[in-house]
Structures are given as structure tokens and as C-alpha cells.
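Listed below, chain by chain, are the residues.
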Amino acid sequence: MKTIKALLFCLVAISCSSCEKDFLQRDVGTQTTLKDVFLDPLQASRYADNTYSFSINDYGRLSGYKGMTAQFTDEAISNGAQPEVAAMNKGLFLDPSASDVASIYSQMYRGIRNANTTLANMDSTPWTADYRPDLIKGEQLYLRAYFYFELLKRFGGVALLTEAQEFTEAAVDMPRSSFDEVLARILADLEEARKVLPLTNEDWPNPAAQANRATGAAAMALKARALMLAASPLHNPANNKDKWKLAANAAKEIIDLNKFSLHPDYATVLTVPTSPEYIRIWPRGGRGFVGTYISDFLVPTSFGGAQSNLSVTQNHVDLYEMKNGKPISDPTSGYNPQNPYANRDPRLKVNVLYNGETWQGRTVETWQSEPNAQGAITYGRDINNTLTFTKTGYYIKRLWPETSRSGSTASALLNYVFYRYAEVLLNYAEALNEAEGPVGNDVKEKVDMVRVRAGLPVLPDNLTQSQMRDKIRNERAVEFAFEDMRWWDILRWKKGPEIVAQPTKGMKIEKKANGTFTYSVFELPAFNKVFEDRMHIYPVPQAEINKSAGKLIQTEGW
């Protein structure tokens, strides 16, 4: 067994390292080695399992783990201008440090290669009764579709590889297929995968040990997400209603399964081992504190972390309605700028740490004093003018489990969620509203389910299509805060200039001599972000263009 494991490790290392150079490249010795692997059911199944390893599987994944797509958006900023974030904020998508462009491109193709190699060779494996080759095939098809979707939502049409390549094909560079061609491949793979995969995680043998496995429902959720992308303004400029109807139908199929429901408590939806809301997750239990993205990226030194390099913006905080369901911009909402966090959408308290909040047994202090006679300012424990503290007056709470603290040996559970039922409901509502408008109660009902779970009232009756669109988009911004969702919504809606390229704002909290606070919104021009229209679709990494002998055409505008 040790020999098999060691050999497999070497084979996987060879497989992955060769693809890092070029997703079309092959090592001369790989062919013989692969033949040996696929003549052994154990090694073949492990090779297939390795395809999962190329997935995106955590929220903090840039600069190792010190950056998030939230920092590309109006959700948050990077205090220390991490290169991977700064390049995107400046519109320098072709900069080598822009890892969500260059690294993801190669990572997804490595996953595609692993899936293609498995699919091409698994029929030669002498499978025994201990294995389910039909399920292995379904997993590879789902994962290939997943990898292609990650490319599609970034780059649009890409080179479409569906077969394992021989060594002699290593130097062959392929042109980009169209958006529609890649979408069709994704949908075909998902349909085939859905037919053979267990419907839910509970239908897998030993489900507790298979929590991140592909399922039929996961294939359905990815199909709905892909059709949402295809129907949205970025790829549907003529607003073809039929595309929206297809997306609505795909989401409705999941609803009609009656297999999923909303988790009863929004506050714990990411931090439980199982939930009726989970369609597919990557379980992330056992997170320690030291040396993780929690302590090294999110937590300030005042709470025992190494640094806080992410500050939640006032732009994001302003999206949370009052508890009565009215936006804070509504003069009848009851919003008090000098008591800004009172009676707000309860999700604000779940997602954001703000001044006066109790956390880990003490009060959060993001205030500063009035200048004294000499002009000196005293700062609360959780803010100062260094890079390791918040620049906006806010910290992220959503991805910082309270059990994850300095000096504690307790581990924290915080799952990476690929798809959860709330997204299905809001996908259905958005797509149906765009296809037909808020006719009947179906659109409103699905949005209300998410709102009521959060502790908000239902939406008003008789909203227009435009009003409902605004409500749904705002609901997505709040419900999926910091879950690697906002950036992709902004891109598919083609709303980058309106949302991203706006003044970045924070909250200044000044503590008076009598212990009271005054609150004032301020702008942070040093953290403003660039967004040009061409940035809605990523450029292909320049290194790939340069070595393609003219066959790969760069994205328009780049």
C-alpha cells in the first residue's frame, strides 16, 4: 500500500507540474506511467479523485490566502494593497500578479486535463465490485463542466479541450471556441453527469465521508448558474427572454425536487457540518487560528491576529435595509445616522463587525478621540493608522468564526459553499422576473423566503419589474456577502462602472469627552477602484497569447 501511495503521489506531481508550464504540454514518460495507473483500480480511482484538487475551494485564495474577490468589489478593500488585489483594482488584468486571471486560467486547464485523461483511460481499468466506474465518470464530467464554467465566467469563449492529448499534440495550440460553444459543452457534460450521479450527498455511500462529492443536484445547480450567466446582460445584450426562461426553468427543477430548504439560522449557514441548504460544499472543518487566512488576513493584532488586510466598506454596509424593510435612503425608514446600526437587517450583525459590537468577550473599539489641545488623537483598541488595522471602521465577521481566537486550541468550522438553496431561490426569482416580470406571486414568494429567514418583512406588493430587479440584486449583495458571489454578479449584470468605480467610503467614529460617539461617513480616495467596460470579460493571459502562434485571439478591448 505504501508503494502504491508513493507511486501515485509521484504520478500526480508529474501530471500537475507538466501542466503548469502549458496546459497542452506532456512529459515523454507520462504515457507509460498512466497506462500502469489505469491498470490498477485503486490507483485509477485515486487519479480520478485528484481532479477535485484543482477546484477553487476557499474564500481567501489570492496571494496564497491573503486576498478575496470581495476586494475587487464594493464589499471591501485591501489595506496593504496586496499585489493580486491591487492589479485588479487598477484594471491591470494582464499584470502577472493578477492571479485570478493568470493562475486560474492554468489551474482550470490542469483540472480539465486530469478529467480528460481519466475519461480517456478508465475504460481500460479492470474495475472490481468495490468500485463504481459509472460514478467516477459522472464526477469527471461534472468537474470538467465546473472548470469550464470557471473559465467561461471570466474569459468568455476559451479553447475547448474534451479529449486527452497525445505527446505529439503537445505543441498544438488551439483557437478559442465561442461562448455558446463552451456553454453547450458545459450543459452536455452536466446532463450526462446528472443521469449517473447520486442526486444528493445523502445518496452517496457513506455520505459523511463524501461531503464534497459531485451530485446530480450539484450538476443541476451549476446548470442553473451557467444559464443565468448566459441570460444576463453581459452575454445577452438583446435581452432574449427565452434565455431567462431557460435559467428560470433550471432553477425551478431544483426547487421541485423538494430535497432542499433554507437553513433555519442565517448566522450559522456556513458553520455547520450539514444543512438542508447545502447543495454542494467543500468541508472546511478543523481551521486553526495561527498560520491561517483567518489570523494572517482578517484579524487585527488587537484580537491576536497577524494583520487585518481586509476592511469592509461603508458602501457595503449601506446596502443593509432597516429591519422594517426600508432602505436607509428612505426618509421614512427611521434610519439615524448617529445610531447607524440600530434596527438594521439582522444580517449586518452577522456579516460585519462594527464599533460597539461585542466580540470574543469584549467590545469592538474602532473609534478615535477628538484631538486634544496639542492635536493628539487617541485610538480605540481596534483601529489606528497602520496597515494592520481597519481603514474603514469595519471588520469582516462573516468569515471569522468566534471560536477562532488567539490563545485557543479550538478549531473552527467554516465551509466553502459552492451552491446553497438560497441562491437557487434568488436565481429563480431573478430569471423569472426578467423573463415575465413579477407576475403572480412566484417571484415575490421566493425572495420573501430568503428575507423572512433573515428576519425581514416580505416585499411590498405590486412592485414593477424594475423595482423587483433592484430588490433582488440588493438581496443577493447582502445574503451572499463575502461568499465569492458579488464580483461575478457585477460582471454578468455589466454594472462595473456603476458599482465598483464609485468613491470608496468608510465610517469615522469620534469619541467625545463625555463618552458619546459621533458618526460621519468619509471617502478614501487612495482606495478607489478603476473599472472600464472591457473589464467585464477577462483577457487571456498574455503568455498564452504569445505562445499560441496567432491562434489564440485576445479578448476584445485588451
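Residues numbered from 1 in each chain as written. Predicted model: local features only at pLDDT ≥ 70, side-chain atom pairs only at ≥ 80, totals over all residues. Heavy atoms only, no water.

Visitor: Tell me about the packing of aromatic side chains, residues and numbers included.
Guide: Per the stated rule, a full pass over the model turns up 22 aromatic pairs. Here the aromatic cluster, defined as three or more aromatic residues joined through ring pairs, consists of Phe-93, Tyr-105, Tyr-109, Tyr-148, Phe-155, Trp-488, Tyr-538 and Trp-558. A cation over a ring is seen here: Arg-213 above Trp-204, with NZ or CZ 5.7 Å from the ring centre. For Arg-362, the ring lying beneath its charged end belongs to Phe-303, and the centroid distance is 3.8 Å. (Phe/Tyr/Trp six-rings, centres within 6.5 Å; stacked < 30°, edge-to-face > 60°. Lys NZ or Arg CZ within 6 Å of the ring centre and 35° of its normal.)

Visitor: Tell me about the sheet that holds strand S7 (residues 368–369), and name the residues and values.
Guide: Spatially, 3 strands are ordered S7-S10-S11 in an open sheet, and the strand pairing comes out mixed. The open sheet has two free edges, formed respectively by S7 and strand S11 (517–523), since each of these has just one partner strand. Bridging between S7 and strand S10 (residues 505–511) involves 2 bridges; their strand directions are parallel. Pairing of Ser-369 across the sheet is with Lys-511, part of S10. (Pairing = 2+ DSSP bridges. Helix = DSSP H or I, 4+ residues; strand = E, 2+ residues; numbered from the N terminus.)

Visitor: Give me the layout of surface pockets: which residues, what numbers.
Guide: For the largest pocket, the calculated volume is near 610 Å³. Elements represented by at least two residues in the lining of the largest pocket include exactly helix H15 (465–479), helix H16 (486–493) and helix H17 (496–499). Element by element, the count of residues in the lining of the largest pocket is highest for H15, at 6 residues. For the lining of the largest pocket, the residue count by class is 8 nonpolar, 4 polar and 9 charged. Considered as a void within the structure, the second largest pocket measures approximately 440 Å³ in volume. Lining of the second largest pocket is provided by 21 residues; of these, Asn-201, Glu-202, Thr-274, Ser-275 and Tyr-278 occupy positions nearest its centre. (1 Å grid on protein atoms, 1.4 Å probe; cavity = no way out; pocket = protein on both sides within 12 Å on 5 of 7 lines; lining within 4 Å. Points joined across faces, edges and corners; volume = space filled by probe spheres on them. Nonpolar A, V, L, I, M, F, W, Y, C, P; charged D, E, K, R; others polar.)

Visitor: Just give me the short version of unusual backbone geometry, but keep the residues and values in it.
Guide: Not every positive phi belongs to a glycine, and Asn-343 is a case in point at roughly 60°. Relative to the helices and strands, Asn-343 resides in the loop between helix H11 (314–317) and helix H12 (347–351). By relative accessible area, which is 58% here, Asn-343 ends up exposed. (Buried < 20%, exposed > 50% of the residue type's maximum accessible area, 1.4 Å probe, protein only.)

Visitor: Tell me about empty space enclosed by the protein, and please be specific about residues and values.
Guide: Tallied over the full model, the rule gives 6 cavities of 30 Å³ or more. Of the voids in this model, the largest cavity is the one considered here, and its volume is about 340 Å³. For the largest cavity, the lining is made up of 25 residues, of which Lys-153, Arg-225, Asp-484, Met-485 and Trp-488 are closest to its centre. Secondary-structure elements contributing two or more residues to the lining of the largest cavity are helix H6 (133–155), helix H8 (216–231), strand S9 (416–420), helix H13 (421–436) and H16. Looking at the lining of the largest cavity, the element that brings in the most residues is S9, giving 5 residues. Per-class residue counts for the lining of the largest cavity are 14 nonpolar, 1 polar and 10 charged.

Visitor: Talk me through the nonpolar core; I want residue IDs and the actual numbers.
Guide: Core analysis: the biggest nonpolar cluster contains 148 residues, and Tyr-142, Tyr-148, Leu-399, Trp-487 and Tyr-538 have the highest contact counts within it. Excluding its chain neighbours within four sequence positions, the residues that come into contact with Tyr-148 are Tyr-109, Ile-112, Val-158, Ala-159, Leu-160, Leu-161, Val-182 and Ile-186. In terms of nonpolar packing, the next biggest core, distinct from the first, is built from 5 residues, Leu-34, Val-37, Phe-38 and Tyr-47 among them. (Core = buried A, V, L, I, M, F, W, Y, C linked by side-chain atoms within 4.5 Å. Contact = heavy atoms within 4.5 Å.)

Visitor: Provide a residue-level description of the packing of helix H5 (residues 99–121) against H6, including the pertinent values.
Guide: Two numbers describe how H5 lies on H6: the axes approach to 9 Å, and their chain directions differ by 155°. Judged by the angle between their axes, H5 and H6 are roughly antiparallel. Note on packing geometry: the crossing formed by H5 with H6 is left-handed. Each residue belonging to the contact of H5 with H6 can be placed in one class, and the counts come to 14 nonpolar, 5 polar and 5 charged. (Axes fitted to C-alpha atoms, helices over the stretch in contact; angles between N-to-C directions. Parallel < 35°, antiparallel > 145°, perpendicular 65-115°, else oblique. Left-handed = near helix turned anticlockwise from the far one by under 90°.)

Visitor: Which residues make up H8, and what values go with them?
Guide: With 16 residues, H8 should cover 22 Å at 1.5 Å per step; its first-to-last C-alpha distance of 23 Å lies within 8% of that length. The buried fraction of H8 amounts to 15 of the 16 residues, a majority that puts the element mostly inside the structure. (Expected span 1.5 Å × (residues − 1).)

Visitor: Tell me what's going on with the environment of Tyr-142, and back it up with residues and numbers.
Guide: Within the fold, Tyr-142 resides in helix H6. The sequence separation of Tyr-142 and Asp-256 amounts to 114 residues, and the corresponding C-alpha distance is 21 Å. Not counting residues up to four positions away in its chain, the partners in contact with Tyr-142 are Leu-190, Ala-193, Leu-197, Ala-214, Ala-218, Ala-219, Leu-222, Arg-280 and Tyr-419. Within polar-contact distance, the side chain of Tyr-142 engages the side chain of Tyr-419 at 2.7 Å. (Polar contact = N/O pair within 3.5 Å; in protein donor to acceptor, adjacent residues only side chain to side chain.)

Visitor: Report on the pairing of S10, specifying residues and quantitative values.
Guide: One ladder, built from 7 bridges, connects S10 with S11; its direction is antiparallel. Note that in S11 the partner of Lys-508 across the bridge is Ser-520. The hairpin formed by S10 and S11 contains 5 residues between the paired strands, and Gly-515 there has a positive phi angle of roughly 90°.

Visitor: Tell me about the packing of helix H14 (residues 442–454) against H15, residues and numbers included.
Guide: The N-to-C vectors of H14 and H15 enclose an angle of 30°; their axes lie 11 Å apart at closest approach. It follows that H14 is roughly parallel to H15 by the angle criterion. Seen from above, H14 lies across H15 with left-handed handedness. Here Val-443, Lys-444, Val-447, Val-450, Arg-451 and Arg-453 of H14 come into contact with H15, specifically with Met-468, Ile-472, Glu-475 and Glu-479.

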